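Next come the chains, spelled out residue by residue.
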Amino acid sequence: MPKTLAIFGVGPGMSRSVANRFGREGFRLALGARNLDKLEKYVQELAANGIEAAAFTADVTDRGELVRVIGEINERFGHIDVAQFSPSNLDTPVVNVLDVDPDDLPAQFQMPLWAPIALVKALLPGMIERRDGTILLGSGVSAVRPVPALGNVGIALGGLRQYVQNLNAAVADKGVYVGVIHVGGLIDRSDASKIFEKHAPADIGPVPRVNPDELAETAWEMHANRDTFERIVGSYAQ
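Residues numbered from 1 in each chain as written. Predicted model: local features only at pLDDT ≥ 70, side-chain atom pairs only at ≥ 80, totals over all residues. Heavy atoms only, no water.

*Asks:* Please clarify how helix H6 (residues 151-171) should be interpreted in this entry.
*Replies:* Given 3.6 residues per turn, any residue in an α-helix points the same way as the ones three and four places further on. In this model, H6 (21 residues) spans 30 Å end to end at C-alpha, consistent with the 30 Å of a helix rising 1.5 Å per residue. Among all positions in H6, only Gly 151, Asn 152, Val 153, Gly 154, Ala 156, Leu 157, Leu 160, Val 164, Leu 167, Asn 168 and Val 171 are buried. Buried residues along H6 sit in contact with helix H4 (105-108), helix H5 (110-130), strand S5 (133-140) and strand S6 (176-183). (Helix = DSSP H or I, 4+ residues; strand = E, 2+ residues; numbered from the N terminus. Expected span 1.5 Å × (residues − 1). Buried < 20%, exposed > 50% of the residue type's maximum accessible area, 1.4 Å probe, protein only. Contact = heavy atoms within 4.5 Å.)

Structure follows, in C-alpha cells:
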C-alpha cells in the first residue's frame, strides 16, 4: 500500500515543493490548511503530475480542529506515515528582543511552538505503536543564530528545537523519526516572501532567498536517512 504524507499548513512555498518531492517517491498526499480553494488548486496540480492527493480544511492552531482533521485523513488513507508542519506563521507579530514582554509571549507562541507540539502529541502514539513514522517540523534560523529583530520568534523556535532534539532521542529506538528544518532566509514563491517585500521590518536587514525545492530535497533526505535531528538551509544571520 502506498504511504501517506500529511502536510499541515500548505502554501505555495516549501510545502508545495515537499508535496511534489514525496509524491515522486509514490506517496499519497493529504493537504491541510484553512483555504479550501487554494488546497483544491494544489490537489489538481499534483493530479496533473500523477500524484494522488486530497484536501482537508483546518486551523492548525486549534487543537480540536487538528485532532478532527487527523481523524479525517486516517479515515481516507488509513494512517499518516509522514507528517510535515510548516505553516507560514504570518499571524504571529514580530517583536525585537529589546521589546519582548512576557505577558504577550503565550499568545505569540501559538503557531510556532504550541501547535507543532499538539500535532506531535496527536500523531506520536500511533507511530510508536506501528514502530514507523516521520514527523518533520519547519522552523526558522532564529532558533540557532542571533536575530535580534525576531526576538519573540527566536524564543519560541529555540524551545521547539530543544523539544525536537529531546524527542528525537526519545523515539529513535521506537522506529520513529522527528526532525526540524531551520530556514535561513525567505522562501521563494511563499506567502511570507511576498508580504516581506512590501512590509519588511527596518531592523531586519537584507534577507537571502531560499529555493523551496532545496528545502524539499532536505526534507526527503532527513526522512530517508534519519542521521540528524536538524538541518539548516539558508545563509541568513551567519
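The structure having been displayed, the exposition proceeds.
*Asks:* Any chance you could explain the side chain of Ser 15 here in plain terms?
*Replies:* Turning to its location among the elements, Ser 15 is positioned in helix H1 (residues 14-24). By relative accessible area, Ser 15 is classed as buried at 3%. Separated by 2.8 Å, the side chain of Ser 15 and the backbone nitrogen of Gly 11 make a polar contact. The residues touching Ser 15, leaving out its near neighbours within four places in the chain, are Ile 7, Gly 9, Val 10, Gln 84 and Ser 86. (Polar contact = N/O pair within 3.5 Å; in protein donor to acceptor, adjacent residues only side chain to side chain.)

*Asks:* Just to check I follow, could you spell out the pairing of S5 for this structure?
*Replies:* Successive side chains on a regular strand alternate, one facing one side of the sheet and the next facing the other. Within S5, seven of the eight residues are buried, leaving the element largely enclosed by the surrounding structure. Here eight bridges tie S5 to S6, and the two strands are oriented parallel to one another. Within the sheet, the bridge partner assigned to Ser 139 lies in S6 and is His 182. Between the parallel pair S5 and S6, the chain is carried across by H6, and the sense of this crossover is right-handed. (Pairing = 2+ DSSP bridges. Right-handed = clockwise from strand over helix to strand, strands pointing away.)

*Asks:* What is the right way to look at the pairing of strand S2 (residues 28-33) in this model?
*Replies:* For S2, the buried fraction is high: six of the six residues fall into the buried class. Burial along S2 is two-sided: the residues Arg 28, Ala 30 and Gly 32 and Leu 29, Leu 31 and Ala 33 are all buried. Taking the sense of rotation as the criterion, the β-α-β connection linking strand S1 (residues 4-8), H1 and S2 turns out right-handed. Relative to strand S3 (residues 53-57), S2 runs parallel, the two sharing five bridges. Counted as the bridge partner of Leu 29 is Ala 53 from S3. The handedness of the S2 to S3 crossover, carried by helix H2 (residues 36-48), is right-handed.

*Asks:* I keep staring at the pattern of salt bridges and nothing clicks. Help me out?
*Replies:* In a structure, side chains of opposite charge can pair up when their charged atoms sit close to one another. Following the criterion strictly, the structure yields eleven salt bridges and no others. Ionic pairing is found between Glu 65 and Arg 68, a salt bridge with its closest N-O pair at 3.6 Å. Note that Glu 65 and Arg 68 are positioned in helix H3 (residues 63-77) at a spacing of three residues, about one turn of the helix. Under the relative-accessibility criterion, Glu 65 is labelled partly exposed at 29%. The exposure class assigned to Arg 68 is partly exposed, which follows from its relative accessible area of 35%. Note that Glu 230 and Arg 161 form a salt bridge whose closest N and O atoms lie 2.7 Å from each other. One end of the pair, Glu 230, is in strand S9 (residues 230-233); the other, Arg 161, is in helix H6, and 69 residues separate them in sequence. A relative accessible area of 17% places Glu 230 in the buried class. (Salt bridge = Lys/Arg side-chain N within 4 Å of Asp/Glu carboxyl O.)

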